[in-house]
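Tertiary structure, described
Here's the letter readout for the chains.
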Amino acid sequence: MEKVILVTGANSGIGLALCERLLYEDSQLQLCLACRNMQRAEAARSALLTSHPDAQIDLLHLDVGSVRSVLHAAHKVKARYNRLDYLYLNAGIMPNPQIDIKAFFKGLFSSNVVKMFATAEGLLTQQDRVNKDGLQEVFATNLFGHFVLVRELDSILCQSGQTSRVVWTSSSNARRSAFSLDDVQHRLGTEPYASSKYASDLISLALNRHNNSQGLYSSVICPGLVMTNLTYGILPSFFWTLIMPIMYLIRIFTNTFTLTPHNGAGALHSLFLKKTESLDPRAKYHSLTSGIGSNYTQPRQMDIDDDMSEALYVKLLEMEKSARKRLKEEDDNKQAYKKYLNQTE
C-alpha cells in the first residue's frame, strides 16, 4: 500500500531535502507539500519531479501561523486522503534574529565555540510580534498551529488497525530555561524560538501519552547546525562566507555541524525507516555528521517531564477551544452582516 506523507515547510531547506530523500527511498509514496508560499511550493514540486518524474506530489496551501488556514488546509487533506501515514511538522520561523556580536567573537575563539554554534545560548535573541489571531507569531507558527493540525487530522491519523507517525523538527536551541508554563507564548522573554522548540518536545511526549493507544506515535528530531534561509537570516551573507571554512574545520571535532539541508534531514529520513516499536518517546533523534561528511542519527534523552508536558497539553487544548470559538463568532458576524445587507437592498 502506498504511504501518504505530508510535510509542512517543504518548499526549501530541510523540508525539501527530506522530500528528496523520501522519494529516493520510495518513489511510489504519495507526497503532499504543505507550504505558505505557493509559488515556491510549485518550484519545489518541479524540482522534485525533475529527478523523480513519476512521483505523486500534491501541493497544499498552509500557513501554520493562522488557525483559520490550518483548519481550512486540514479540511482539504481529509477530503483528499483517507489516511495519513506520516505527518512531518517541519515549518518554523525565527523572526528578526539579533546576535550579540561581542559574545559571538568571544565564543568563536574559545573552548565553548562548538556549544555556542550548537545551542546559541546567550548569543541569539528574537523580536516576536502578535499575529492576526492575537497570538505570538513564533509560538503560533512553530507550535500551536501544528498542534491544531494534528488534532484536526485525528480522523485520518488515528484509525483502527493503522499506525501513523507525527515527527516534529525541534532544535538544539530548545532549552528548559527558555520556557515557562506561566508564559507559554513567551510574551515576556527574548528567546521565543528556543521556547517554542522546547514546547514541541513537551507536546510530543504528551501526544504519545494520549494517542499511542489509537496508533499514533510522535517523535522529535534535531537537524543540527544547518545552513538554511533561517540560519542565513542571523548574520549577513558575506559573514557566513568568511566563517564557513572555520565551520567545516570545527566539524572535524564535533558531529553536530550537519551544515547542509541533506545532512540536516538525516534524522527525519531515519525515522521514516525506523520501526514504530523501537521508538523512544523521551528521546530526541539527532542528525549528526562525521568529520569526513558521513551522515548518521543518534537518539539522546530530552530534558522533559510528564507533569510539565501534560500541563502544556491542557493549556493548548484550552487555547484551541478559544480560537475555534473566536473564528465561529467571526463567521457568524459576517453571515449576520450579509443577511442585513440583503434585507436593506
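The structure displayed is predicted, hence computed values, not measured ones. (Residues numbered from 1 in each chain as written. Predicted model: local features only at pLDDT ≥ 70, side-chain atom pairs only at ≥ 80, totals over all residues. Heavy atoms only, no water.)

1. Things to note about the pattern of salt bridges
If the charged atoms of two oppositely charged side chains come close together, the side chains can form a pair. Filter applied, for reference: Note on definitions: salt bridges are taken to be side-chain nitrogens of Lys or Arg within 4 Å of carboxyl oxygens of Asp or Glu. Counting from the N terminus, the helices are the DSSP runs of H or I reaching at least four residues and the strands are the DSSP runs of E reaching at least two. For each residue, the accessible area found with a 1.4 Å probe, counting protein chains only, is set against the maximum for its type, and the residue is called buried under 20%, exposed over 50%, and partly exposed in between.
Taken as a whole, this structure holds 18 salt bridges when the rule is applied. Of the charged contacts in the structure, one is a salt bridge between R324 and E152, with a shortest N-O distance of 2.5 Å. Taken as a pair, R324 in helix α13 (residues 306-344) and E152 in helix α6 (residues 137-152) lie far apart in primary sequence, 172 residues in all. Taking the relative accessible area as the measure of exposure, R324 reaches 30% and is therefore partly exposed. Two residues, E191 and R175, come together in a salt bridge whose shortest N-O distance is 2.7 Å. Of the two residues, E191 sits in the loop between β7 (164-169) and α8 (192-211) while R175 sits in the loop between β7 and α8, which places them 16 residues apart along the sequence. Considered together, E191 and R175 belong to a single accessibility category, that of buried residues. Overlapping salt bridges, with partners in common, bring together R68, D133, R326, E330 and D331 in one network.

2. Concerning the packing of aromatic side chains
Which entries qualify depends on this criterion: Aromatic rings from Phe, Tyr and Trp, with only the six-membered ring used for Trp, were paired whenever their centres fell within 6.5 Å, and each pair was classed as stacked if the ring planes differed by under 30 degrees, edge-to-face if by over 60, and tilted otherwise.
Summed over all chains, the structure comprises 5 aromatic pairs. Ring centres of Y86 and F272 lie 5.1 Å apart, and the angle between their planes is 50°; on these two criteria the pair is classed as tilted. Linking Y86 in strand β4 (residues 86-89) with F272 in helix α12 (residues 266-273), this pair joins segments that are 186 residues apart in sequence. Residues Y86 and F272 agree in their burial class; the two are buried. Through a chain of ring-to-ring contacts, the aromatic side chains of Y86, Y88 and F272 assemble into a single cluster.

3. Quick look at the pairing of β4
Filter applied, for reference: Paired strands, as defined in this entry, are two strands with at least two bridges between them according to DSSP.
Both faces of β4 are covered, namely the face carrying Y86 and Y88 and the face carrying L87 and L89. Across 3 bridges, the pairing between strand β1 (residues 4-8) and β4 is parallel. By the bridge assignment for β4, V7 is matched with Y88. Judged from the 4 bridges that link them, β4 and β7 form a sheet pairing that is parallel. Along β7, the bridge assignment pairs Y86 with R165.

4. Some details on the nonpolar core
Where we set the bar: To form a nonpolar core, buried Ala, Val, Leu, Ile, Met, Phe, Trp, Tyr and Cys residues must be joined to one another through side-chain atoms within 4.5 Å. Contacts were defined at the residue level, with two residues in contact if any of their heavy atoms lie within 4.5 Å.
Counting 54 residues, the largest nonpolar core has L87, F144, L153, L157, I203 and L316 as its most contacted members. Among the elements that make up this core, the one with the highest residue count is α6 (8 residues). Contact partners of L87, with chain neighbours within four places excluded, come to L6, L149, V150, L153, L157, R165, V166 and V167. In this structure, I14, L33, A283 and Y285 belong to the second largest nonpolar core, which totals 32 residues.

5. Quick notes on helix α10 (residues 237-250)
Inclusion rule: Expected helix span is computed as 1.5 Å times (number of residues minus one). Bend, in this description, refers to the angle at a residue between axes fitted to the seven residues ending there and the seven starting there.
Helix length check: α10, at 14 residues, gives a terminal C-alpha distance of 19 Å against a target of 20 Å (1.5 Å per residue), a fit within 8%. Approximately 45° is the largest bend angle found in α10, and it occurs at I243, with the proline P245 only one to four residues beyond. Turning to α10, its buried residues are F239, W240, I243, M244, M247 and I250.

6. Observations regarding the sheet that holds strand β2 (residues 30-35)
Sheet strands pair via backbone hydrogen bonds, and the direction of the pair is either parallel or antiparallel. The criterion, for reference: For helices, the axis comes from a line fit to the C-alpha atoms of the stretch in contact; other axes are also lines fit to C-alpha atoms, and the angle between any two N-to-C directions lies between 0 and 180 degrees.
Read across the open sheet, the 8 strands follow the order β3-β2-β1-β4-β7-β8-β9-β10; overall the sheet is mixed. Of all the strands in the sheet, the pair left with one neighbour each is β3 (56-61) and β10 (295-301). The average angle at which neighbouring strand axes cross in this sheet is 20°, direction not considered.

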